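Letter by letter, the chains look like this.
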Amino acid sequence: MLAELDVLSDFRGEVRRWCEANVAPGWRSALNSCSEDDAVAFQRAWFMTLHEAGYAAPHWSREWGGSDSSLAEQIVLFQELSRADAPRASLAFIGLFHTYATLIHAGTNEQKQRHLPAVLDGTVWCQGFSEPEAGSDLAGLRTRAVRDGGRYVVNGQKIWSSGAAHADWCLLLARTDPDVPKRKGISYFLLDMRTPGVEVRPIRQASGDAEFCELFLNDVVIPAENLVGAENDGWRIAQATLSAERGPAILELAERMRTGFEMVLDTARHCTAPGGSPALADPEIRDRLVRCHTEVEVLNLLCLKMIENLLRRGGVGPEASIIKTYYSELLQRLTELAVELSGLDVHVLASKPRASGWISGEWLVDHITSWEWTIAGGTNEIQRNLISERVLGLPREPGMD
Amino acid sequence: MSTSTSTSDDAIDLDELRESARAFLARWCDPQRVRSRLEGGDDVDAELWGRIVDLGWPAIAVPEAYGGAGAGFRELAVIVQELGRALAPGTFVSSAVVAAAALSAEAVPEALKAEWLPRIASGDVVVVALAPPGSPVAVMATAVAGAGGHDGVVVRGTVGVVADAAAAVAIMVEAVDDAGEPVLALVETADTTVTVRPVRMADLTRRFASVELHSTVVEPDRVLARGADAVAAVGRIVDWGAAAMAADALGVGERVLDGVVDYARQRVQFGRVIGSFQAYKHRCADLLIAVESARVAVEDAALHLGVGDPDAAARVSLAKSYTGDGMATVAGEGVQLHGGIGYTWEHDSHLFLKRAKLDQVLYGDSRWHRRRLAGLRIPTA
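The shown structure was predicted, so the numbers you read here are calculated from the model rather than taken from an experiment.

Scanning chain A from terminus to terminus reveals 13 helices and eight strands. Relative to a compact globule of 401 residues, whose C-alpha radius of gyration would be 21 Å, chain A shows 22 Å and is just as compact. Counting only C-alpha atoms, chain A reaches 75 × 50 × 45 Å along its principal axes. Within chain A, the proportion of its 401 residues that are buried is 57%. Restricting to contacts in chain A with at least 6 residues of sequence separation, those with at least 24 account for 74%.

Right, dumping it as structure tokens:
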């Protein structure tokens, strides 16, 4: 793997030059105070810029408009985008990773043809999985979909749908058979967000942002052609969706953590230690910095190893839960370190640029936002269940079916 | 995550090496044998060492020109990890890893290499007496005129804790001369001015001794390196020793995790196996995360060490501090998660804990390695 990365110097140079020409140096501050609409417009424009360069969908096959990049090329791309501190295509994330993984795994040819090219044209997707009463116990979801001839009628409520306010389509899980064990009665749908009966309400988060949404579904009609896979097979298909966010997508975040650590160093460079000496010369601060650096490097090594195992074995294994847990808790520690270094000033209210990923340099906001990662995508407590049950083979809690 | 190392062509060889090492140690260094040696004498396990020599392991790292296999550190790391898992004696690390690395240093005179490297490869034990990195060197070297116009040295002083010195035929001693310049000198244990006294450490699975040098004369042709060359050779000793300790600790951590998971599956309390309690299984998950993250750090250091990579020292310090601390914590959890039985002498948990704690400090403790890493990776302004 390391050797492969070395021989990609041409590709690396190409991406680096592209970043120099296309990443506007002031993008963060421009986004800092703009309106929600302007932020969405910025996201859409940035995504199209990436797509035109062939960098938006490196993991997609050429058949569907992707670049079919090797894993080594993807790593180089992530490294260079991260190094250039380029914006993340966060609004397109679910379409690029979750929708793609789901449809490639279980979609019909018609579904792929209708939806995959559209993702690259800018169609925004969101996810309708969690419910107020079905968080960690996702399989206990209650949203009902009742078949009525060639269509389903859906009623229920979804929550934590990231970006739903701007989404055109939704990956929806709903119960189609309430009389069988809970995992066996769930179906997977593609929902057009403009369908009558779909109501979206943003939720203001601890960070102050309102990126997550509630989704209210009242007699929403979904044509049967938008069912993915077989009726009642949705739980199994959802695993493919979830593995997409625990798989190679994490590589980009691991690379960006390195850039994040450079930002912590930069913060330290402008801080003083108690007593007034420069922070970077203070032994205690240096020890904390080097511990953080160590963990950032270990995260990158863990990601590379997971990807190598994936290549050899295929699919995403339960070890992805190790990475999710490690990444999110390291993100929390890294931002905590930066907050502590920054003292009182960092508590002065600042808004955070959207599309900045989870490390913007507005350290207090970044730190608060880090709980998104330890909670979302299956809380770290659920990840620890998965690790102990699926990797270590320990028994499930009695009563947890 | 599997224990395999990489997708490259030699990955299979490493996996095979690991399997055969594990099988060998299961047979010749089983828990009963480890136990029987705890309260026993201060000898090396001569029978086990003889079998290790028969396998050719001591020749693995010795350059081909001197009768060895000239392999890199990745092979060594696999073996050392298995030795840690099995709570095996430390002779392999002391001689075949650390002493072989020291003698292979560029500055060491050809004649010394030609004399001692083949002996290490064929099973003679040579060890290094080193002050803990960061501590002052207690052995003084005074120049004396030697044959052929070159100066020899007289060394005097005591090194308190030297691994496997009682089994050694020769000891490479780190000393400082009158000008404060470092000297690396080789003495033979048959020399009557060299006194080796067994020192029992909390870790009873390995053997240690103090080495007293009562004005031992070192002829010029036994001086391995001086000045900058000696600094480089000591750096090599620390790097190889530290990487080996990280691998040893990883093996300990792996085995502790296996033991905890086995126990979690069979111990019943409140009418169910304790491994079904979230409070317990989450701690098992944390042990796995610690072991797997240490594994990638050790593999990374092993990949870069011994191939002339200028970044190897940083990677070794990273792996040593991270793995040393992480596996010591894992071994402590191994005691706790077994409850009362885990605190008994007859249970192996304390053996793993004491070994991991010692691995954590040998060849540079975590603070020393983090400071070195910070010097290499964290700017000062």
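Turning to the overall build of chain B, a few remarks are in order. Along its length, chain B carries eleven helices and ten strands. For 381 residues, the compact-globule formula gives about 21 Å, and the C-alpha radius of gyration of chain B, at 21 Å, lands near that figure. A burial count over chain B gives 57% of its 381 residues as buried. The contacts of chain B with a sequence gap of at least 6 include a subset with a gap of at least 24, amounting to 71%. Surface exposure of chain B reaches about 14600 Å², of which carbon and sulfur atoms provide 54%. Charge-centre separation for chain B: the mean point of 36 positive side chains lies 8 Å from the mean point of 50 negative side chains.

Turning to the pairing of strand S7 (residues 213-223) of chain A, a few remarks are in order. As judged from the seven bridges shared by strand S3 (residues 151-158) of chain A and S7 of chain A, these two strands associate in the antiparallel manner. Counted as the bridge partner of Gly156 of chain A is Leu217 of chain A from S7 of chain A.

This part takes up the interface of chain A and chain B. Facing the 40 residues of chain A at the interface are 44 residues of chain B. Summing the contributions of chain A and of chain B, the shared interface buries around 3700 Å²; its carbon and sulfur component is 66%. Ranking the residues of chain A by area buried against chain B places Arg286, Lys305 and Leu392 of chain A at the top, with a combined share of 17%. The tally of links between chain A and chain B comes to four salt bridges. Two residues, Arg384 of chain A and Asp286 of chain B, come together in a salt bridge whose shortest N-O distance is 2.7 Å.

How two helices pack is summed up by the angle between their axes together with the distance between the axes. Residue and element names in this part refer to chain B. Running from N to C, helix H8 (residues 278-304) and helix H9 (residues 312-336) cross one another at 155 degrees; their axes reach a closest spacing of 8 Å. When the axis of H8 is compared with that of H9, the two are roughly antiparallel. The two elements H8 and H9 cross, and the hand of that crossing is left-handed. Residues Arg283, Leu287, Ala290, Val291, Ser293, Ala294, Ala297, Val298, Asp300, Ala301 and His304 of H8 lie in contact with H9, whose contacting residues are Ala312, Arg315, Val316, Leu318, Ala319, Tyr322, Thr323, Met327, Val330, Glu333 and Gln336. Its residues assigned to classes, the contact of H8 with H9 comprises 14 nonpolar, four polar and four charged.

Turning our attention to the nonpolar core. Generally speaking, nonpolar side chains in soluble globular proteins are found buried as a group. One finds Leu289 of chain A together with Phe73 and Phe92 of chain B to be the most contacted residues of the largest nonpolar core, which totals 185 residues. Considering each element in turn, this core owes the most residues, 20 residues, to helix H7 (residues 227-266) of chain B. Among the nonpolar cores identified, the runner-up in size contains 53 residues, and Val15, Leu120, Phe129 and Ile186 of chain A belong to it.

This paragraph deals with the packing of helix H13 (residues 380-391) of chain A against H8 of chain B. Running from N to C, H13 of chain A and H8 of chain B point in directions that differ by 80 degrees, and their axes come no closer than 8 Å. Between H13 of chain A and H8 of chain B, the angle is such that the two are roughly perpendicular. On H8 of chain B, the residues that touch Glu381, Arg384, Asn385, Ile387, Ser388, Glu389 and Val391 of chain A of H13 of chain A are Gln278, Lys281, His282, Ala285, Asp286, Leu288 and Ile289 of chain B. Residues of the contact of H13 of chain A with H8 of chain B, tallied by class, amount to five nonpolar, four polar and five charged.

A few words now on the packing of aromatic side chains. Residue and element names in this part refer to chain B. Counted according to the given criterion, the structure contains 15 aromatic pairs over all chains. Centre to centre, the rings of Phe73 and Trp240 are 5.4 Å apart; their planes meet at 80 degrees, and the pair counts as edge-to-face. Of this pair, Phe73 sits in helix H4 (residues 73-85) while Trp240 is found in helix H7, placing the two residues 167 residues apart along the sequence. You'll find Phe73 and Trp240 in the same group, each marked buried. Pairing Phe270 with Phe277 gives two aromatic rings, centres 6.1 Å apart and planes at 80 degrees, and the pair type is edge-to-face. Its relative accessible area of 77% is what places Phe270 among the exposed residues.

Right, let's talk about helix H9 (residues 249-269) of chain A for a bit. Relative to the 30 Å expected for 21 residues at 1.5 Å per residue, H9 of chain A spans 31 Å between its end C-alpha atoms, a close match to the ideal helical length. With 17 of 21 residues buried, H9 of chain A is to be regarded as a mostly interior element.

Further remarks concern the environment of Trp345 of chain B. All names here are of chain B. Position of Trp345 among the secondary structure elements: in the loop between H9 and helix H10 (349-361). You can call Trp345 partly exposed: its relative accessible area is 42%. In contact with Trp345, not counting residues within four places along its chain, are Arg35, Glu39, Leu204, His350 and Lys354.

So, about the side chain of Arg370 of chain B. Counting through the fold element by element, Arg370 of chain B comes out in helix H11 (residues 366-377). Within the structure, the side chain of Arg370 of chain B is placed 3.0 Å from the side chain of Asp325 of chain B, a separation counted as a polar contact. Once residues within four sequence positions are removed from consideration, Arg370 of chain B is found in contact with Asp287, Val290 and Arg291 of chain A together with Ser321 and Asp325 of chain B.

A separate point is the pairing of strand S1 (residues 126-129) of chain B. Residues and elements named next belong to chain B. Here S1 shows no split at all, with Val126 and Val128 on one side and Val127 and Ala129 on the other all buried. Relative to strand S4 (residues 170-177), S1 runs parallel, the two sharing four bridges. Across the sheet, residue Val127 finds its bridge partner in S4, namely Ile171.

To continue, consider the pattern of salt bridges. This structure, assessed with the given rule, holds 52 salt bridges over all chains. A salt bridge links Asp266 of chain A to Arg269 of chain A; the nearest nitrogen and oxygen atoms lie 3.0 Å apart. Remark: Arg269 of chain A and Asp266 of chain A occur in helix H9; sequence separation between them is three residues, near one turn of the helix. Judged by its relative accessible area of 37%, Asp266 of chain A falls in the partly exposed class. Accessibility expressed as a relative area gives 37% for Arg269 of chain A, which makes it partly exposed. Between Arg315 of chain B and Asp311 of chain B there is a salt bridge; the shortest N-O distance is 3.0 Å. Here the residues in one salt-bridge network are Arg18, Arg22, Glu82, Arg85, Glu254, Asp258, Glu292 and Arg295 of chain B, joined through shared partners.

Now for helix H10 (residues 283-313) of chain A. End to end, H10 of chain A covers 44 Å across 31 residues, agreeing with the expected 45 Å (1.5 Å per residue, within 8%). With respect to burial, H10 of chain A is a largely interior element, 23 of its 31 residues being buried.

Residue and element names in this part refer to chain B. In the predicted model, chain B carries a mean pLDDT of 93, and 96% of its residues have values of at least 70. Ignoring residues within four places in sequence, the model shows residues 1-9, a span with pLDDT below 50, making 32 contacts including any to other chains. Predicted complex, confidence summary: ipTM 0.93, pTM 0.92.

Turning our eyes to something else, we now look at the environment of Ile307 of chain A. Note on placement: Ile307 of chain A falls in helix H10. Note: C-alpha distance between Ile307 of chain A and Ala320 of chain A (13 residues apart in sequence) is 9.5 Å.

Looking now at unusual backbone geometry. Although it is not a glycine, Asp85 of chain A sits at a positive phi angle of roughly 55 degrees. Tracing the chain through its elements places Asp85 of chain A in the loop between helix H5 (71-83) and helix H6 (93-106). Notably, Tyr363 of chain B is not glycine yet its phi reads approximately 55 degrees, a positive angle. Here Tyr363 of chain B falls in the buried class, since its relative accessible area comes to 15%.

About the thresholds
- Residues numbered from 1 in each chain as written.
- Chains lettered and ligands numbered in written order.
- Predicted model: local features only at pLDDT ≥ 70, side-chain atom pairs only at ≥ 80, totals over all residues.
- Heavy atoms only, no water.
- Helix = DSSP H or I, 4+ residues; strand = E, 2+ residues; numbered from the N terminus.
- Rg over C-alpha atoms; globule rule 2.2 N^0.38 Å.
- Buried < 20%, exposed > 50% of the residue type's maximum accessible area, 1.4 Å probe, protein only.
- Contact = heavy atoms within 4.5 Å.
- Areas by Shrake-Rupley, 256 points an atom, 1.4 Å probe, with all protein chains shown as cover.
- Lys, Arg positive; Asp, Glu negative; His and termini not counted.
- Charge placed at Lys NZ, Arg CZ, Asp CG, Glu CD.
- Pairing = 2+ DSSP bridges.
- Buried area = accessible area lost by both parts, 1.4 Å probe.
- Salt bridge = Lys/Arg side-chain N within 4 Å of Asp/Glu carboxyl O.
- Axes fitted to C-alpha atoms, helices over the stretch in contact; angles between N-to-C directions.
- Parallel < 35°, antiparallel > 145°, perpendicular 65-115°, else oblique.
- Left-handed = near helix turned anticlockwise from the far one by under 90°.
- Nonpolar A, V, L, I, M, F, W, Y, C, P; charged D, E, K, R; others polar.
- Core = buried A, V, L, I, M, F, W, Y, C linked by side-chain atoms within 4.5 Å.
- Phe/Tyr/Trp six-rings, centres within 6.5 Å; stacked < 30°, edge-to-face > 60°.
- Expected span 1.5 Å × (residues − 1).
- Polar contact = N/O pair within 3.5 Å; in protein donor to acceptor, adjacent residues only side chain to side chain.
- pLDDT = per-residue confidence, 0-100.

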